[in-house]
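The residues making up each chain are set out below.
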Amino acid sequence: MKPDRFKSTCSYCGVGCGVVVSRDSKGKIKVEGDATHPVNQGMLCSKGMNLHYVVEDKSDRLTSPQMRWGKGHDLVDTDWDTALDRAAAVFKSLIEKYGPNSVGFYVSGQCLTEEYYLINKLAKGFIKTNNIDTNSRLCMSSAVMGYQLTLGEDVVPVSYEDIELADCFLVTGANPAWCHPIIWRRVEKHKELNPDIKVIVVDPRKTQTCQLADLHLQIIPGTDVILYHAIGRCLIERGAVDIGFINGHTDGFEAYKQEVMKTSLEDASELCGVKITDIQLAATYIEDAKGFLTMWAMGLNQSADGVDKNLALIDLNLITGHIGKPGSGPFSLTGQPNAMGGREVGGMATMLSSHRKLADPKHRQEVAAYWGVDHVPSEPGLTATQMIEALESGKMKAVWVICTNPLVSLPDSNRVENALKNAKFVIVQDISSKASVIPYADLVLPAAGWSEKEGTMTNSERRISYLNKIADAPGMALPDAEIILRFAKKMGYNGFEYDSMGDVFREHCQLTKGTNIDISGLDYDILKTKGTVQWPYVSEGQSPVKRLFEDGKFYTPNQKAQIKVCASKASNEPVSPDFPLILTTGRIRDQWHTMTRTGKVNKLNQHIPKPYLEIHPIDAEARGVKENDTVIVQGHRGKVKVPAKITTDIRQGVVFLPMHWGKTFGSDFSRTNNLTGNTIDPISKQPDFKYSAVQVDKFKKV
Ligand code: SF4
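The rules behind these values
- Along each chain, residue indices are assigned from 1 in the same order as the chain's sequence is written.
- Given that this is a predicted model, residues contribute local features only at a pLDDT of at least 70 and side-chain atom pairs are listed and counted only at 80 or more, while totals for whole chains, interfaces and linings are drawn from all residues.
- Labels follow the DSSP assignment, with helices taken as runs of H or I lasting at least four residues and strands as runs of E lasting at least two, numbered in each case from the N terminus.
- This radius of gyration counts C-alpha atoms alone. The globule rule is 2.2 Å times how many residues there are, raised to the power 0.38.
- Once C-beta atoms are placed from the backbone, each residue is buried if 20 or more other C-beta atoms lie within 10 Å of its own, exposed if 12 or fewer, and partly exposed for counts between those two.
- Whether two residues are in contact depends on their C-beta atoms, placed from the backbone: they are in contact if these lie within 7 Å.
- DSSP calls a pair of strands paired once it identifies at least 2 bridges connecting them.
- Note: domain ranges come from an automatic or database domain assignment.
- Under the scheme applied, nonpolar residues are Ala, Val, Leu, Ile, Met, Phe, Trp, Tyr, Cys and Pro; charged residues are Asp, Glu, Lys and Arg; polar residues are all the others, including Gly.
- Axis lines are fitted through C-alpha atoms, for helices just across the contact stretch, and the angle between N-to-C directions can take any value from 0 to 180 degrees.
- Only the C-beta atom matters for nearness: placed from the backbone, it must lie within 6 Å of the molecule or strand for the residue to count as near.

### A look at the overall build of the chain
A count of helices and strands for the chain gives 24 helices and 28 strands. In summary, the chain has a C-alpha radius of gyration of 24 Å against a globular reference of 27 Å for 702 residues, a match within 12%. With respect to the principal axes defined by its C-alpha atoms, the chain has extents near 75 × 70 × 55 Å. When burial is assessed residue by residue, the chain has 57% of its 702 residues classed as buried. In the chain, the share of contacts with a sequence separation of at least 24, taken over all contacts with a separation of at least 6, comes to 74%.

### Quick notes on the pairing of strand S18 (residues 443-446)
Residues Leu443 and Leu445 of S18 are buried on one face, and the alternating residues Val444 and Pro446, pointing to the opposite face, are buried as well. Across two bridges, the pairing between strand S4 (residues 66-67) and S18 is antiparallel. Each bridged residue has a counterpart across the sheet, and for methionine 67 the counterpart in S18 is leucine 443. The pairing of strand S17 (residues 425-430) with S18 spans four bridges and is parallel. Paired with aspartate 430 across the strands is proline 446, a residue of S18.

### Description of the pairing of strand S27 (residues 654-658)
Taken across its five residues, S27 has four buried, putting it largely inside the fold. Pairing analysis gives five bridges linking strand S23 (residues 581-586) to S27, with the strands arranged parallel. Residue pairing in the sheet places threonine 585 in a bridge with leucine 657 of S27. The pairing of strand S24 (residues 613-615) with S27 spans two bridges and is antiparallel. From the neighbouring strand, glutamate 614 faces S27, where its bridge partner is phenylalanine 656.

### As for the domain arrangement of the chain
With domains assigned, the chain is organised as domain 1 (5-56), domain 2 (66-139 + 338-473 + 480-497), domain 3 (141-332) and domain 4 (581-698). For domain 3 versus domain 4, the distance between C-alpha centres works out to 27 Å. Between domain 3 and domain 4, the contact holds 24 residues from the first and 22 residues from the second. Elements with a contribution of two residues or more to the side of domain 3 that touches domain 4: helix H5 (141-151), helix H6 (176-179), helix H13 (298-301) and helix H14 (306-319). Sort the elements by how many residues they give to the side of domain 3 that touches domain 4 and H5 lands first, with four residues. Its residues assigned to classes, the side of domain 3 that touches domain 4 comprises 10 nonpolar, 11 polar and three charged.

### Quick look at the sheet that holds strand S2 (residues 18-23)
The strand order across the open sheet built from three strands is S1-S2-S3, with neighbouring strands paired in antiparallel fashion. What marks the edges here is a single partner per strand, and that holds for strand S1 (5-9) and strand S3 (29-33). Averaged over all pairs of adjacent strands, the angle between their axes in this sheet comes to 30 degrees, without regard to strand direction.

### Digging into the site of the ligand
In the vicinity of the ligand lie 14 residues, with Cys10, Cys13, Cys17, Cys45 and Gly48 positioned nearest. Those elements that provide at least two residues to the shell around the ligand are helix H1 (46-49) and helix H7 (181-193). Its residues assigned to classes, the shell around the ligand comprises nine nonpolar, four polar and one charged. Both domains that meet at the shell around the ligand, namely domain 1 (5-56) and domain 3 (141-332), each give it at least three residues.

### Looking at the sheet that holds strand S7 (residues 132-134)
The strand order across the open sheet formed by seven strands is S5-S4-S18-S17-S16-S6-S7, and the pairing between neighbours is mixed. The sheet terminates laterally at strand S5 (76-77) and S7, the two strands that pair on one side only. Note: strand S16 (residues 398-402) against S17, five bridges, orientation parallel. Paired with isoleucine 402 across the strands is glutamine 429, a residue of S17. Along the sheet, helix H17 (residues 384-393) contacts strand S6 (103-107), S7 and S16; its crossing angle with S6, the most-contacted strand, is approximately 140 degrees.

Right under this line is the structure:
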């Protein structure tokens, strides 16, 4: 490759498509799909195709550290030394006065692995707090626990190659046609070539993904566990379970059988709002499949019983023996580009590096010894929404927000706003001056963005890729890792002396030695030569590990997968006469998260230029609402004003709002998360964005 052409990886979703970045004769950046990349084979979706706009448009970029000399003062430009001296002085003083848990870090699945590693080392090893959580808590933590509880560890057992080997797909709580488009393109191509393969989609909305479906089960939100159990019951009754696999490689089948037999198909049909014959048809498709892939995303994970939904779904793979075989397995679709890399370094308040367990004293000691510190604290840190509670109550005094936009993305936005107002000290480290937390920041640190720094990311199929530095960051902006390293030195910590990012990566890799995600033999040179590799990484000459558990041995103590029993739970926020509709939220095709990058691209804004409320015609008529009428969506915690989009694609009794819009671009569009609440899954601590009780009324000018 010529030196002015670089390979990299798309920075949007967890699919992890390869891109080639070059400059044309006028010096303009050009981004193309990498035809040699195993993930996308040259394809890119609309967001990936427009990455170059984000690199070139620096109009909203933060270019200098900024500081307030006191609450109520304006932010003023300053230099890095002054900014980081202030950060260190405030952190030292708070830690001395209130203890290490008075501070915390809220980071992002868009951070590179090296950045994630350093922040975790800093917080857990040196500051001595586990208060380091990530916005991946909002998207993946229920899947993490689902995998841990059934397979023994947080591992996606399949590769994308299994897509072309599957002949039945159960896609649930996901709209990959819009949100994971290149994965979905591979499913579409596979079905074009093999029309007999079956696609089952479970979703209260008829999304673009349903275009490919042989069967769409349009369930009532929140009834997923009942539905998967009903399908499990049908499979058992039809003798379509794999008894050999169950007896040899799993525990818990008898208890599962008793549980699923408790609910008749008639009851399940009524509770879920789907026909009995459709439940039976889904079971038939699975029974006939040689390769059965379950695919899911936020629709399951972002629930008050997100872990149970994961368990009940993974159970379908386990009872049919569809795991560790070609085209088979439970495949959670990761939302963010490096949510998986963050999990590798233990980048959450409840985890430790290399999938080690925070609760295990031996694991804590291993990590502490490796970092050269006396201990890692045992007390689990505060998770995303718990940090907000702690800031609101004053238990936590300072928060450092890196690469995420919590005033738009966290649930119950008004509460988040109060918590930030109440915080003693807020640091915002971001690329964009439009980041919604900046008005509450005492210190703003300008960061380098995609293509302006080097590092690695891991995609949804455990594939690690190296990202080149291609362009310079504007003004004084620095790579996130460099900011953390400078801060660690200001704090007086020894252990953050690195000659290069390659050294940071090597340190992370060595810490994985002997674990199930072992990449200890990996370094930047290998990644630059090979392009990408999957973990666990095996040395040259051995076959790469594409699919886990082919030997039928799982990562549980007795090496058997655990078929879990769970029961469907009623919502914490049931509908009522005052709030009779169920609100569910999600993404649209051409926007990413809170639009700090995609919102700058005119081409992407053209697809759907403004927020809308999807509402069924019967619900609209009952309220006198016509297409495009402005409506007020009122919930328990706040309200939102949007135009109505009337469609039969959504179930009666359910309404949908896209999650992207907020105050990020100074727009007066209301934040969707004014309506969502603080209910979290008790195991994963993931907030519920998929079930809030609301009322909708036509807006009347007064
Ligand atoms: Fe980027 Fe995801 Fe689109 Fe691939 S599918 S180009 S990774 S946004």
